[in-house]
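# Tertiary structure, described
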Amino acid sequence: MCGHSSGMMGFPLRLLAREVYDRVRSIKGDKAVALITGEERIEPPQARYFLCTAEAMPRTMGEHAFVAIDEAQLGADPERGHIFTDRLLHARGREETMILGSATLEPMIKALIPKAEITTRPRFSTLSHAGICKLSRLPKRSAVVAFSVEQVYAMAEALRRFRGGAAVVMGALSPETRNKQVELFQSGEVDYIVATDAIGMGLNLDLDHVAFAALAKFDGRRKRRLTPSEMAQIAGRAGRHQRDGTFGTLSGMSAVQQGEPLAFTDEEIYATEEHRFAPLTHLFWREAEPRFDTLGMLIADLESRPDHAVLRGAPEAIDLAVLKRLAEDPVAQGVGGAGAVRRFWEACSLPDFRSLGVEQHARFVARLWQDLGQGYLGADFVAARIAELDRMQGDIDTLQGRIAAVRSWAYICQRPDWVLARDEMAARARAVEAKLSDALHARLTERFVNRRTTLLMKSLGQDASALPVTLEPDGHLTVEGESIGRLEGFRFHVDPSAGVADRRMLLAAGEKALPALLASRAEWLLTQGLGELEIAGGAIRWQGQGQGRALAEITFPGQAGSGQAGSGQFGSPRLALSRDLALLPEVSRASLEAGLAAWLEAQLEPLAPLRKLAEAARDPEAGSQARALIITLIEARGVVSREEAGLEHLPKEMRPFLRKLGVTFGALDIFAAPLLKPAPRRLLHALGLDQRAVNEAMLPVLAEGAWTKGRLPAGYRFAGTQAIRVDLAEKILRAAFDARAGVAAAHPKDRNVRFPLDLALAVSIGLEAENARRLLGNAGFHCDRARPLPEGAHGAPAPDRWHWRPRRPGERGEQRGQNRGDRQGNRRGKAPEARAPGSRDHEKDKAKDNGIPDKRPEKRPGKGERRPDRPARPAPKPDTGPARAGGAFDKLADLLRG
């Protein structure tokens, strides 16, 4: 055609016309080429080359230098045959006319056009029968042919499970969707295509094998077996140019007769392989130029019979059936005159894109004719109908229905005298059809193509070590953009959306690529990612892409299973790498373990005081009594009450040794002050060595409600409704003892000297005045409130006076419940808090411990006190003064000596 000055070609399919239009346009330019179909019309004013569908091909004689008709053997088709027969008889070019078709058409050409020159083109490749094959063993680059939508979907779904997916081609799809599905197969994204017999015409595919899922179809009237020529038309898609192809059937399909397997007969195989078919004996014909005087005359002409012997009257097509149906309807009563009858026939010729059948399609045409009663369809009306279809939601069948409906409106908009603003409305219809086609293609691909499985099968089947796995920044592992799972830390998780059948393949794919990826990740972690590590739950955890996954469990030599460290080596921890690192190469694993150990050593620096205590506990020169106290202090994680410390067994000469280790002998508690800082407390909790709650900032004072009931944070003791850090509590108590010592030195003969005490220090720390009194009461300090000034008096009020008296035996206080819980918690690595104060038998030792000389005379039994020779009296009622719960000391002399 391009070798002539002008030309026209007619095709059986819109997509074929569009394909050739694009090729000719690339040669001759956009202005010289036109495309004319029922739903689309691109016709530049200077167009010389026209590509059309057979129905839209103008009946012209000699207007173009070249004219061609493709697939002319379709003249034997009951539904569309009369169109092709008419073009074969009347379409002629001035210089050349070419009729393309099957060799079975040759007798018809000789009978209708005796002077035609017949030229044959043999098939270059060989087509051979391959027998029966299971769907699971179908070779690559194969097509499965079925003849119902249900069977097409079933085959496509099965191929998705077995082979990763398949493209789908059906006659009900829009041309755009069919093209996209074909491109999916041609590009190699899938190796299989499932199609109806629509594959047999107009589709040039790189197929190696065609497998028939059925050998019978419903032709609109009855279910019949395919003819050999139809079988060959479909099977001939296998092989291309000089590449051979095969065809066969699928096993496991429904039997054709009495349980027999689906198979070709010997005659059908021979005909298909040798391309020998029975020639056509007739073509269908219908009057192409009927008279339009009346509807009755029009119908009579359309039902007239041809004169030529090889022509047969065409069966009643849907356009004629609709015409006859509406001719008897009231809607046709006003149709009179040649112009109206012609216009009415054009409305009845609207193709049934939606395959509704005669009755429903006739009702649609009737409504259309009523709307055309005013002459034209308004642009607003047509735009509204198109907009109703501009919705991309829905399943495959819903989208197919919308595409068919919008194709009807695209056809309506192509009529020159039906729609106002025809070009604009036609463009809108085509745009909506394109959008719906894209959505339908996406639905088909989503349902019938598992691109991930397809890629994995290709890669794993060839060279698993060369699998193109990529680690994305968000931790996902992808193969050519398809996610196969996620890497959390060093553990691979298969994509949760994968089915059971795909999980094994995805695991295999991930494990092939993981060693190299994990080695690279380990190297990055040691060089750049150490800042993302943290200690939590007794393990080193990666808080970055690992999302808190444990890399290694931390244990200390000598650490008990309950979490107590005893006298363990706090400076020499051991790491037990997690199972997540099992796939890490041995060299990288050793390097990572060494790097984590070095990082952990630096992180344990805040526990240096505890390490120092642990070393002293192993020193034989420390003495058993001092070692016992050190071990007790270690087990309590740096803080133990005096009652729990066992000071009565500690020689006085060992105390300087312990003070050099950082141990403080306080009025209520024995503690290592450096371990009360935030860093060591947090670290002990993170290591799992102290299960008690921890105050992150180790605030001096905690307000009421700042801790969970019964779970006072480590390093604190109660002070009324508040809690105070033990070292600051000791500071307040030390100030009280200093104030008492100063007054006692000035009045050595007074047995129980009263002294003033300023609570400014306690208040400045954050304690409320009343809670400060209760804290002092724990250590035996009692407040004698001063009398208020008389009414009307002026001046400064008298200060409160304080005196100190240890708790008597049998007295209990507010710390009792706390101590019981602490003793129970200590079994889980918790340190005990102070218990009830001791008896007066240890008063001298407590005074010495605080550095205060005891100048009091030997005390005689006084009033209310029990003499050795008298029986014991009932214990006195508890004092209602300041609370004394817990915290009095056992050896006052030691405390006062400091």
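Residues numbered from 1 in each chain as written. Predicted model: local features only at pLDDT ≥ 70, side-chain atom pairs only at ≥ 80, totals over all residues. Heavy atoms only, no water.

### Notes on the overall build of the protein
Secondary structure summary: the protein contains 28 helices and 32 strands in total. Taking all 898 residues of the protein together, the buried fraction comes to 48%. Restricting to contacts in the protein with at least 6 residues of sequence separation, those with at least 24 account for 69%. Element-wise, carbon and sulfur atoms account for 50% of the exposed surface of the protein, whose accessible area totals about 42800 Å². (Helix = DSSP H or I, 4+ residues; strand = E, 2+ residues; numbered from the N terminus. Buried < 20%, exposed > 50% of the residue type's maximum accessible area, 1.4 Å probe, protein only. Contact = heavy atoms within 4.5 Å. Areas by Shrake-Rupley, 256 points an atom, 1.4 Å probe, with all protein chains shown as cover.)

### Description of the environment of Asn179
Relative to the helices and strands, Asn179 is located in helix H5 (residues 175-186). Note on Asn179: relative accessible area 37%, which makes it partly exposed. As a C-alpha pair, Asn179 and Ser437 span 258 residues in sequence and 9.9 Å in three-dimensional space.

### Regarding the packing of aromatic side chains
Throughout the structure, instances matching the rule amount to 13 aromatic pairs. Note on Phe381 and Trp409: the rings are 6.2 Å apart at their centroids and 70° apart in plane angle, and the pair reads as edge-to-face. With a gap of 28 residues between them, Phe381 in helix H12 (residues 379-388) and Trp409 in helix H13 (residues 396-414) connect regions that are remote in the sequence. When its relative accessible area of 10% is taken as the criterion, Trp409 is described as buried. The interplanar angle of 65° and the centroid separation of 6.1 Å between the aromatic rings of Phe737 and Trp804 together place this pair among those described as edge-to-face. One end of the pair, Phe737, is in helix H23 (residues 726-746); the other, Trp804, is in strand S32 (residues 801-804), with 67 residues separating them in the sequence. An aromatic cluster is defined as three or more aromatic residues linked by ring pairs; in this entry it consists of Phe737, Phe755, Phe781 and Trp804. (Phe/Tyr/Trp six-rings, centres within 6.5 Å; stacked < 30°, edge-to-face > 60°.)

### Thoughts on the sheet that holds strand S2 (residues 33-36)
Strand order in the open sheet formed by 6 strands is S3-S2-S4-S1-S5-S6, and the pairing between neighbours is mixed. Edge positions in the open sheet fall to strand S3 (41-42) and strand S6 (96-99), since each of these has one partner strand only. Summarising the sheet, strand S1 (residues 7-11) and strand S5 (residues 66-69) pair through 4 bridges and their orientation is parallel. In the sheet register, Gly7 faces S5, and the bridge partner there is Phe66. (Pairing = 2+ DSSP bridges.)

### Notes on the side chain of Asp86
Tracing the chain through its elements places Asp86 in helix H2 (residues 81-90). Residue class for Asp86 comes out buried when judged on its relative accessible area of 4%. Beyond its immediate stretch of four places on either side in the chain, Asp86 contacts Arg59, Ala91 and Ala288.

### A closer look at the side chain of Ser174
Looking at where Ser174 falls in the secondary structure, it is placed in the loop between strand S9 (167-169) and H5. For Ser174, the side chain forms a polar contact with the side chain of Ser437, separated by 2.6 Å. Not counting chain neighbours up to four residues away, the residues in contact with Ser174 comprise Ile403, Glu433 and Ser437. (Polar contact = N/O pair within 3.5 Å; in protein donor to acceptor, adjacent residues only side chain to side chain.)

### Describing the pattern of salt bridges
In total, this model carries 43 salt bridges according to the counting rule given. The closest approach of N and O atoms between Glu55 and Arg80, which form a salt bridge, is 2.9 Å. Of this pair, Glu55 sits in the loop between strand S4 (49-53) and S5 while Arg80 sits in the loop between S5 and H2, and the two are 25 residues apart along the sequence. Between Arg243 and Asp208 there is a salt bridge, with the nearest N and O atoms lying 3.3 Å from each other. On the criterion of sequence distance, the pair formed by Arg243 in the loop between helix H6 (228-235) and strand S14 (245-250) and Asp208 in the loop between strand S10 (192-195) and strand S11 (209-212) is long-range, its members being 35 residues apart. Assessed through its relative accessible area of 36%, Arg243 is described here as partly exposed. (Salt bridge = Lys/Arg side-chain N within 4 Å of Asp/Glu carboxyl O.)

### A word on the sheet that holds strand S23 (residues 549-555)
Two strands in a sheet stick together by hydrogen bonds in their backbones, pointing the same way (parallel) or opposite ways (antiparallel). Sheet architecture is open: 4 strands sit in the order S21-S22-S23-S24, paired in antiparallel fashion. Each edge of the open sheet is held by one strand with a lone partner, namely strand S21 (533-536) and strand S24 (574-577). Strand after strand, the sheet turns through a mean of 30° between neighbouring axes, direction not considered. Direction of pairing for S21 relative to strand S22 (residues 539-542): antiparallel, over a ladder of 4 bridges. (Axes fitted to C-alpha atoms, helices over the stretch in contact; angles between N-to-C directions.)

### Some remarks on H23
Helix length check: H23 (21 residues) gives 31 Å between terminal C-alpha atoms against 30 Å at 1.5 Å per residue, within 8%. For H23, every residue scored as buried is listed here: Val726, Asp727, Leu728, Ala729, Glu730, Ile732, Leu733, Ala736, Phe737, Arg740 and Val743. (Expected span 1.5 Å × (residues − 1).)

### Notes on the packing of helix H9 (residues 318-327) against helix H10 (residues 338-348)
At a closest axis distance of 8 Å, the pairing of H9 and H10 adopts a crossing angle of 125°. The angle between H9 and H10 places the two elements in the oblique class. Taken as a pair, H9 and H10 cross one another with a handedness that is right-handed. Touching Asp319, Leu320, Val322, Leu323 and Leu326 of H9 are Phe344, Trp345 and Cys348, all from H10. (Parallel < 35°, antiparallel > 145°, perpendicular 65-115°, else oblique. Left-handed = near helix turned anticlockwise from the far one by under 90°.)

### So, the environment of Ile113
Along the polypeptide, Ile113 turns up in the loop between helix H3 (106-112) and strand S7 (127-133). The sequence separation of Ile113 and Leu89 amounts to 24 residues, and the corresponding C-alpha distance is 8.0 Å.

### Observations concerning the packing of H5 against helix H14 (residues 422-448)
Look at H5 against H14: their axes get within 8 Å of each other, and the N-to-C directions meet at 40°. Here H5 lies oblique to H14, going by the angle between them. Remark: the crossing between H5 and H14 carries right-handed chirality. Counted together, Pro175, Glu176, Thr177, Lys180, Gln181 and Leu184 of H5 and Glu433, Ser437, Asp438, Leu440, His441, Leu444 and Thr445 of H14 form the full contact between these two elements. Here the residues of the contact of H5 with H14 sort into 4 nonpolar, 5 polar and 4 charged. (Nonpolar A, V, L, I, M, F, W, Y, C, P; charged D, E, K, R; others polar.)

### Here we look at the confidence of the model for the protein
One rule of thumb: low pLDDT means the predicted coordinates there are not for detailed reading. When pLDDT is averaged across the protein, the result is 81; 82% of the residues are at 70 or more. The lowest-confidence element of the protein is helix H26 (residues 816-826), averaging 40 in pLDDT; the highest-confidence one is S5, averaging 96. Predicted confidence for residues 255-259 stays below pLDDT 50, and this span has 3 contacts to residues more than four positions away or in other chains. Taken together, the stretch residues 560-567 has pLDDT below 50 and engages in 20 contacts with residues farther than four places along the chain or on a different chain. (pLDDT = per-residue confidence, 0-100.)

### Some words on unusual backbone geometry
The phi torsion at Ser355 lies on the positive side, around 55°, for a residue other than glycine. In this structure Ser355 comes out as exposed when scored by relative accessible area, which is 62%. Phi angles above zero are rare outside glycine, and Met698 is one such case at about 45°.

### A closer look at helix H17 (residues 586-603)
The terminal C-alpha atoms of H17 lie 26 Å apart, and with 18 residues this matches the ideal 26 Å at 1.5 Å per residue to within 8%. Within H17, burial applies to Ser588, Leu592, Gly595, Leu596, Trp599 and Leu600. The buried residues of H17 occupy an angular sector of 135° when the element is viewed end-on, so they sit on one face. Those residues of H17 that are exposed and aimed more than 90 degrees away from the buried face are Glu586, Val587 and Ala598. (Arc of directions from axis to C-beta.)

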